[in-house]
Amino acid sequence: MAKSKSAYFCQNCGYESPKWMGQCPSCKQWNSFVEEVVEKTNSKVPEWRSTTTTGNTKRANKAAIIHEIVYQDESRILTPDQEFNRVLGGGIVPGSLVLIGGEPGIGKSTLMLQLALSIPQVKTLYISGEESEQQIKMRAERLSQSSKANCYILTETSTQNIFKQIETVQPNVIVIDSIQTLHSAQIESAPGSVSQVRECTAELLRFAKETSTPVFIVGHITKDGSIAGPKVLEHMVDTVLQFEGDRHHVYRILRAVKNRFGSASELGIYEMQGSGLREVSNPSEIMISQRDEPVSGVSIAAMLEGMRPMMIEVQALVSNSAFGTAQRSSTGYDTKRLNMLLAVLEKRFGFRLSAQDVFLNIAGGLRVEDPAIDLAVVVAIISSQQDIPIRSNLTFAGEVGLSGEIRAVNRIEQRIQEAEKLGFDGIFISKFNTKGLDAKKYNIAIRPVAKLEDIFNALFG
Ligand code: TYD
Ligand code: MG
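In short, a report on the structure. On a predicted model such as this, the values are computed, not experimentally measured, just so you know.

## Regarding helix α4 (residues 159-169)
Here's step 1: Thr159, Gln160, Ile162, Phe163, Ile166 and Val169 are the residues of α4 that are buried.
Here's step 2: Tucked into the core, α4 has its buried residues touching β5 (124-128), β6 (151-155), β7 (173-177) and α5 (194-211).
Here's step 3: Downstream of α4 by a residue or two, Gln170 has a phi angle that is positive, lying close to 55°.

## Remarks on the sheet that holds β7
Here's step 1: Taking strand neighbours across the sheet as the criterion, the nine strands line up as β6-β5-β7-β8-β4-β9-β10-β11-β12 in an open arrangement whose pairing is mixed. Looking along the sheet, the strands with just one partner apiece sit at the ends: β6 and β12 (276-279). The sheet shows a mean angle of 25° between the axes of neighbouring strands, direction not considered.
Here's step 2: Judged from the five bridges that link them, β5 and β6 form a sheet pairing that is parallel. Of the residues in β6, the one forming a bridge with Thr124 is Cys151.
Here's step 3: Here helix α3 (residues 133-143) sits on the sheet and contacts β5, β6 and β12; the angle it forms with β6, its principal contact strand, is near 145°.

## Looking at the sheet that holds strand β3 (residues 33-37)
Here's step 1: As summarised here, the arrangement of the three strands in space is β2-β1-β3, forming an open sheet in which the pairing is antiparallel. Edge positions in the sheet fall to β2 (16-17) and β3, since each of these pairs with one other strand and no more.
Here's step 2: Note that strand β1 (residues 6-10) and β3 share five bridges and pair antiparallel. When the bridges of β3 are listed, Phe9 appears paired with Val34.
Here's step 3: Helix-sheet contacts for α5 involve β1, β2 and β3, and the interaxial angle to β1 is about 95°.

## Quick look at the packing of helix α8 (residues 335-349) against helix α11 (residues 452-460)
Here's step 1: Relative to each other, α8 and α11 sit at 85°, their axes nearing to 12 Å. The angle between α8 and α11 places the two elements in the roughly perpendicular class. Packed against α8, whose contacting residues are Val344, Leu345 and Phe349, the element α11 presents Leu452, Glu453 and Phe456 at the interface.
Here's step 2: A class-by-class count of the residues in the contact of α8 with α11 yields five nonpolar, no polar and one charged.

## Things to note about the layout of surface pockets
Here's step 1: A volume near 750 Å³ is recorded for the largest pocket.
Here's step 2: Lining of the largest pocket is provided by 34 residues; of these, Glu244, Arg255, Arg367, Val368 and Glu369 occupy positions nearest its centre.
Here's step 3: Class assignment of the residues belonging to the lining of the largest pocket gives a composition of eleven nonpolar, twelve polar and eleven charged.
Here's step 4: Residues lining the lining of the largest pocket come from more than one domain, with at least three contributed by each of domain 2 (75-281) and domain 3 (285-460).

## Quick word on the site of ligand 1
Here's step 1: Around ligand 1, the structure places 15 residues, and the nearest of them are Gly105, Ser109, Thr110, Gln273 and Gly276.
Here's step 2: Ser109 is positioned such that a nitrogen or oxygen atom in its side chain is 2.6 Å from an oxygen atom of ligand 1.
Here's step 3: Within the contact set of ligand 1, an oxygen atom lies 2.6 Å away from a backbone nitrogen or oxygen of Gly276.
Here's step 4: Coverage of ligand 1 by the protein chains reaches 76% of its 560 Å² of free accessible surface.
Here's step 5: Of all the secondary-structure elements, those providing two or more residues to the shell around ligand 1 are α2 (108-118), α3 and β11 (267-273).
Here's step 6: The element best represented in the shell around ligand 1 is α2, accounting for three residues.
Here's step 7: Classifying every residue of the shell around ligand 1 by side-chain character gives three nonpolar, eight polar and four charged.

Rules of the game
- Throughout, residues of each chain are indexed from 1 in the direction in which the sequence is written.
- Lettering for chains starts from A, numbering for ligands starts from 1, and both go in the order in which the items are written.
- Only residues with pLDDT of at least 70 get local features here, since the model is predicted, and only at 80 or more are side-chain atom pairs given and counted; chain-wide, interface and lining totals rely on the full set of residues.
- With hydrogens and water excluded, all non-hydrogen atoms of the structure serve as input to the side-chain values.
- Throughout this description, buried means an accessible area under 20% of the type-specific maximum (1.4 Å probe, protein chains only), exposed means over 50%, and partly exposed covers the range between.
- For the purposes of this entry, the term helix denotes a DSSP run of H or I that reaches at least four residues, the term strand denotes a run of E that reaches at least two, and both are numbered from the N terminus.
- Between two residues, a contact is recorded if the distance between any of their heavy atoms is within 4.5 Å.
- Here a strand pair is declared whenever DSSP counts at least two bridges between the two strands.
- Every angle, taken between N-to-C directions, lies between 0 and 180 degrees, and every axis is a line fitted to C-alpha atoms, over only the stretch in contact when it is a helix.
- Each angle receives one of four descriptions, namely roughly parallel if under 35 degrees, roughly antiparallel if over 145, roughly perpendicular if within 65 to 115, and oblique otherwise.
- For this classification, the nonpolar set comprises Ala, Val, Leu, Ile, Met, Phe, Trp, Tyr, Cys and Pro, the charged set comprises Asp, Glu, Lys and Arg, and every other residue, Gly included, is treated as polar.
- The pocket and cavity definitions rest on a 1 Å grid over protein atoms only: a 1.4 Å probe that fits but cannot leave marks a cavity, an open set with protein on both sides within 12 Å along at least five of seven lines marks a pocket, and residues lining either have an atom within 4 Å of a point.
- Grid points are joined across faces, edges and corners, and a volume is the space filled by probe spheres set on the points.
- Throughout the structure description, domain borders are defined by an automatic or database domain assignment.
- Only a single heavy atom is needed: when it lies within 4 Å of a molecule or strand, its residue is near that molecule or strand.
- Under this definition, polar contacts are N or O atom pairs within 3.5 Å; protein pairs additionally need one hydrogen-donor-capable and one acceptor-capable atom, and for neighbouring residues in sequence, both atoms have to be side-chain atoms.
- A 1.4 Å probe and the Shrake-Rupley method give the accessible areas. Residues count as covered only by the protein chains that appear here.

As structure tokens, then:
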């Protein structure tokens, strides 16, 4: 018997090395190298399966002049789920390999099964290494879409067997749930290890490209947010979609992180219901709570999630600290940034916040990274501290700088339009955003401000 060959892989980034190393030269992680057996078996395999990094295609490609290359865009498969189509850049591209990443329990399997069931015009094959046929059937019943679906279910983890079944079924769309459960006989290491995940993905990639079948692979995410384990996966696939949200909230965001066939800043919003995921086509309406009377500490930000404008409620609570050190806590907003804004308010404007607890919450369980939300955060904090409510038909969009200046933000027109559409009657924006802006065009009062003083005077003065 031949001696098995092994190599060392960084479990963080997938870097391969013939010998063990303490620190990964690629991602600088310490102690991340694990020995994995990589010896290939000598069994005869179809061409698209012999894909380990050294395997080259037999046929050499010729160079072609670009205007002679034809492609068809019409061949994209459209699903009834508009959010999903948009995130993919306009439907499913034939031969594309799409990775869906997300934490356990977020709804990846639900989303993928829903997809497989929702396109009866093509044959789909849903391959699960995590659940039994009965469990999948049960879930499908719950989604109540199974009657008309043209969907096959396979519970299998060996890629060799999977490809055999694919040959029999001849599906047009394939879903793999999840890549961490697959194993290929080409590699001896355990399922979920870097070399195994990489090999299985390579086989699927080769298959997708050669047969023009779109393949969706589900990948679990590690604590630090990377798709477990290797980043190499992200390089290999055409599209990476991140499914995120707070498991305890009903809203989920499907975000394109990388997309070779569309914009990488698209996102889709879903609501997890008892009967599966429902598209949310008008996110603003759900992110703002309905109230009869305005309460202090609440303001509404005109923010962008990806390319989409959306109104979101920011809630702040400022109260006297019972202990010596004040608490600062925020959900959905960067705590460091909150601390910075509090320091600006204290130092430049004399608000005595250092002896007060500050709690901040972004409604709906969203995590917001758009800096334009700063202004609404500051307004909510001061509104709570002064106990002066903000009228609920006002909204804010501006970044706050260290000297208390209000900075311009991108896509201001889209934000204004969204606010106007939702019936707000005033929007505070940075003065530096008004250049070239035709305020008369909008049926909403545009209130430019240059510094935080201006806004304090207007609201609390
Ligand atoms: P699941 O798709 O299994 O998550 P993942 O594959 O990402 O681990 O979804 C898990 C959660 O979704 C589970 O806690 C139950 C909930 N759920 C619903 O609320 N409604 C439904 O119709 C379904 C199928 C699941
Ligand atoms: Mg799952």
